[in-house]
Amino acid sequence: GTFDGQGNTIDIELVDVMHDNAALISDLGTGAHIKNLHVTGSINTLGSANDVASFTGTVVGYTHGKVLLENILSTANINTSCVGDISAGGILGYNGGQNSVLRNVIYAGEINGAEAKNCGGLIGWASTATIIEHSASLAKMNISTDDSGNMISRNPNIVDYSGGVYVVEDVFGTLHEAVQLLSPEAVASGELCYKLNGITGTTFKQTLGTDEHPWPFGEHAAVYAVPTDGFRCDGAPQGDVTYSNTPSTSDVPEHTYTGGFCDVCGNIDPDHLTPNEEGYYEIANGSDLAWFSQLVNINKLTDVNAKLVADIEMEDIDNERFKAIGTETSPFVGHFDGQHHYIDWLNVYQPTTRGVGLIGAVAGPAVIENLTLEENCSIVGQGYVGLVGFSTPAGGTVTFTNLGNKGLVQCTTGANAGGLVGCCMSSACTFVITNCYSMATILGVNENGAFSGWLGDNAVLTNCWAGTEVSGTDSGKEFCRFGSNAKFTNCWTVQGTQVNNFSADQIETGQLAW
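Small disclaimer: the values here were computed from a predicted structure and weren't measured.

## Considering the sheet that holds strand β8 (residues 92-95)
And then number 1: Taken together, the four strands give an open sheet; going across it, the order is β2-β4-β8-β12, and neighbouring strands pair in parallel fashion. Sheet topology places β2 (25-28) and β12 (123-126) at the edges, where each strand pairs with a single neighbour. Direction aside, neighbouring strands of the sheet carry axes that sit 5° apart on average.
And then number 2: Where β8 lies against β12, three bridges are found, and the strand directions are parallel. Directly across from Tyr94, in β12, lies its bridge partner Trp125.

Set out below in structure tokens:
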């Protein structure tokens, strides 16, 4: 259900706790919404090296499904005598809910435990994709120095920080590159408050000189940027900036758009393309493709449809703007139809991101079909990399038809590089793959496949083939890794015997097609 604090304060005092999930609310189920709440006080847990109270959070201990925590400030402290991994989080101990959201949240308390390890400033452990927006950790982490903690969330690579996430110190040195580190002075000056709101937001307020930190509700003053050189067209302050409870008198200029992007700030032109009568965006060049990728990822319009109306050769500026279409927290679920065109010179370089490709992340009922990535294409990610990076645990049936990849696919440190698709995460989706091939060069550490790193338990492949050899594979699984219920009809490979075997010269002679 919904718990609305209506801007009130709850003072918690939990003492001598010896069980997991100690919190104001120990467990949350799917659909729960906690909002408009200030938590203060303390939680004190007891334990030893063999008996640890795990997943303490001042607001929530453990989530069992997708939840929303919104407009929350916690200044409560966590104190523990536990030894070792306690996975405590300033706000939430453990997130088990796919795509749970923390929005407009600040933790400004302390986590104290001389022998405690593995804590997070906001979340102790994110076990599945998590979204954090307009939030900050001002936590004091007084725990073991022999630690793998994180000032925002442990397991940081599956967290989406794109909504603006901030810390004022990083005692562990494990911050994700998307998290912004500010000085302690930024809290008192109003800089943090202004940045938490983003350029147009109004949620956070702080009466400067009175409030020690921003508040996501209550009778506090709005904070404004006062720049010496005015504002850019996206509202970003220019020159030297101070912050005040009195608005600036400078105006924000208009955008200047060329080819779908602002020449000054780089933002997309929302009116660059509009869907045709059939509901498809028509992509004619590299700029259009980069624009579409940002439409999906930044605006989170994941169920839109697109068609290529020409062969596309990407320019450097297009590649700078392009991001793999769909993310772990916002997978692409629309229809992408290449109409038998090719894409060349696509260079997707996201070496610290998992789920990278032309299409980064999908879920049902996505359909990707009728296109080829040519020899000069290069796709590099941390893990789960291919023409399509991976499918998320959101599930459903995903259809791939008439696809080919001749370029480079590389995992930098993670697993599952594949010519067509990197990974079917948790086998949650069913892949139906027809008339697809890979001639890609596959590079990676382990669990790679010429066709796929992991197809899941229920994939159905028909008339598919891979014509290159690959290293970093599990022995006997060179074509792809898959579960026990996967089905293959008329599939071929030059390496291994998982499916029918053929020699590379049979491609040129036409015997493979026959």
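Moving on from the model shown.
## With respect to the packing of aromatic side chains
And then number 1: Scanning the entire structure with this criterion turns up 16 aromatic pairs.
And then number 2: In textbook terms, an aromatic cluster arises when at least three aromatic residues are bridged by ring pairs, as seen for Tyr281, Trp291, Phe292, Phe332 and Phe336.
And then number 3: Over the aromatic face of Tyr280 sits the side chain of Lys307, whose NZ or CZ is 4.6 Å from the ring centroid.

## A closer look at the nonpolar core
And then number 1: In this structure, Phe292, Phe336, Leu358, Phe400, Phe431 and Ile433 are the most contacted members of the largest nonpolar core, which totals 70 residues.
And then number 2: Examining the composition of this core, we find that six residues originate from one element, helix α3 (residues 286-298), more than from any other.
And then number 3: With residues up to four places along the chain from it excluded, the contact list for Phe336 reads Ile283, Leu289, Phe292, Ala306, Leu308, Ile325, Leu358, Ile359, Val367, Ile368, Glu369 and Leu371.
And then number 4: Val67, Leu92, Ala116 and Ile123 belong to the second largest nonpolar core, which has 44 residues in total.

## Looking at α3
And then number 1: Taking 1.5 Å per residue as the helical rise, α3 with its 13 residues ought to reach 18 Å, and the 18 Å between its terminal C-alpha atoms agrees with that figure.
And then number 2: Summarising burial for α3: twelve of the 13 residues are buried, a large majority.
And then number 3: Residues of α3 that are buried include every one of Gly286, Ser287, Asp288, Leu289, Ala290, Trp291, Phe292, Ser293, Gln294, Leu295, Val296 and Asn297, and no others.
And then number 4: Lining the buried residues of α3 we find β20 (261-262), β21 (280-283), β22 (305-308), β23 (312-313), α4 (316-321) and β24 (335-344).
And then number 5: Where α3 starts, the residue carrying a side-chain oxygen 3.1 Å from the main-chain nitrogen of Ser287 turns out to be Asn285.
And then number 6: Trailing α3 by a residue or two, Lys300 shows a phi angle of about 55°, which is positive.

## What to know about the side chain of Asn71
And then number 1: Mapped onto the secondary structure, Asn71 falls in strand β5 (residues 68-74).
And then number 2: In this structure Asn71 comes out as buried when scored by relative accessible area, which is 13%.
And then number 3: The contacts of Asn71, once residues within four sequence positions are left out, are Lys35, Asn36, Leu37, Arg103, Asn104, Thr203, Pro216 and Phe217.

The rules behind the values
- Residues numbered from 1 in each chain as written.
- Predicted model: local features only at pLDDT ≥ 70, side-chain atom pairs only at ≥ 80, totals over all residues.
- Heavy atoms only, no water.
- Pairing = 2+ DSSP bridges.
- Helix = DSSP H or I, 4+ residues; strand = E, 2+ residues; numbered from the N terminus.
- Axes fitted to C-alpha atoms, helices over the stretch in contact; angles between N-to-C directions.
- Phe/Tyr/Trp six-rings, centres within 6.5 Å; stacked < 30°, edge-to-face > 60°.
- Lys NZ or Arg CZ within 6 Å of the ring centre and 35° of its normal.
- Core = buried A, V, L, I, M, F, W, Y, C linked by side-chain atoms within 4.5 Å.
- Buried < 20%, exposed > 50% of the residue type's maximum accessible area, 1.4 Å probe, protein only.
- Contact = heavy atoms within 4.5 Å.
- Expected span 1.5 Å × (residues − 1).
- Polar contact = N/O pair within 3.5 Å; in protein donor to acceptor, adjacent residues only side chain to side chain.

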